[in-house]
Amino acid sequence: ADLFVTAVTFYAEEVMADLALDVSQLDADSFWPTVISLYRKQYRYYEQQPWALGVVKAAARVSQEVAAVEPSLARLRQEIERDLHDLLRPGQAAGVIRSDLPQDLLARLFIAVDDTVDRWLLEQWQDLDGDKVEQIAGRVLQGLARFLAPAEDQP
């Protein structure tokens, strides 16, 4: 478990080093374009090291039961969830993320979509070039933005 956490942490920190984000600067106009830009940058990194995506994504799939038995995995899972909540809060404050559902549920929905897209991309990686990966990620995040939009913005 410690070796796994060390590997995940190493690659997650390497990816995140280029993705510094000051969430306090996000507003309604910049929130989703910034998130989409971060995803595109992340995928450019993974284009160079696609196996690193699998390593990092494996951490998101650690069950709560396993994390409860392994303290290092529990900390890693908590950090992932905390980071996502730290992103969702300013989105809600800016009025671009709904607040009629529990934030924990919104975070899990975000993680589920993110995980599904990443697993699909890993399966298709050999057939996609970097531009196509960025295009797909951007479109998925635009759909996620519509899904997470405040209830009054829903059709």
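Keep in mind it's a predicted model, so treat the numbers as computed, not measured.

Asker: What should I look at first to understand the overall build of the protein chain in this one?
Answerer: For the protein chain, the count of helices and strands is seven helices and zero strands. On C-alpha atoms alone, the protein chain measures out to a radius of gyration of 16 Å, which is about the 15 Å that the 2.2 N^0.38 rule sets for 155 residues. Along the longest, intermediate and shortest principal axes, the C-alpha atoms of the protein chain span 45 × 40 × 25 Å. Evaluated residue by residue, the protein chain yields a buried proportion of 39% over its 155 residues. A separation threshold of at least 6 residues defines the contact pool for the protein chain, and within that pool the share at least 24 residues apart is 68%.

Asker: Got a minute to help me understand the pattern of salt bridges in this structure?
Answerer: Once the charged atoms of two side chains with opposite charge are near each other, the side chains can pair. Taken as a whole and judged by the stated rule, the model has six salt bridges. Here Asp100 makes a salt bridge to Arg98, at a shortest N to O gap of 2.8 Å. Exposure remark for Arg98: the relative accessible area of 13% places this residue in the buried category.

Reading the values: the criteria
Residues numbered from 1 in each chain as written. Predicted model: local features only at pLDDT ≥ 70, side-chain atom pairs only at ≥ 80, totals over all residues. Heavy atoms only, no water. Helix = DSSP H or I, 4+ residues; strand = E, 2+ residues; numbered from the N terminus. Rg over C-alpha atoms; globule rule 2.2 N^0.38 Å. Buried < 20%, exposed > 50% of the residue type's maximum accessible area, 1.4 Å probe, protein only. Contact = heavy atoms within 4.5 Å. Salt bridge = Lys/Arg side-chain N within 4 Å of Asp/Glu carboxyl O.

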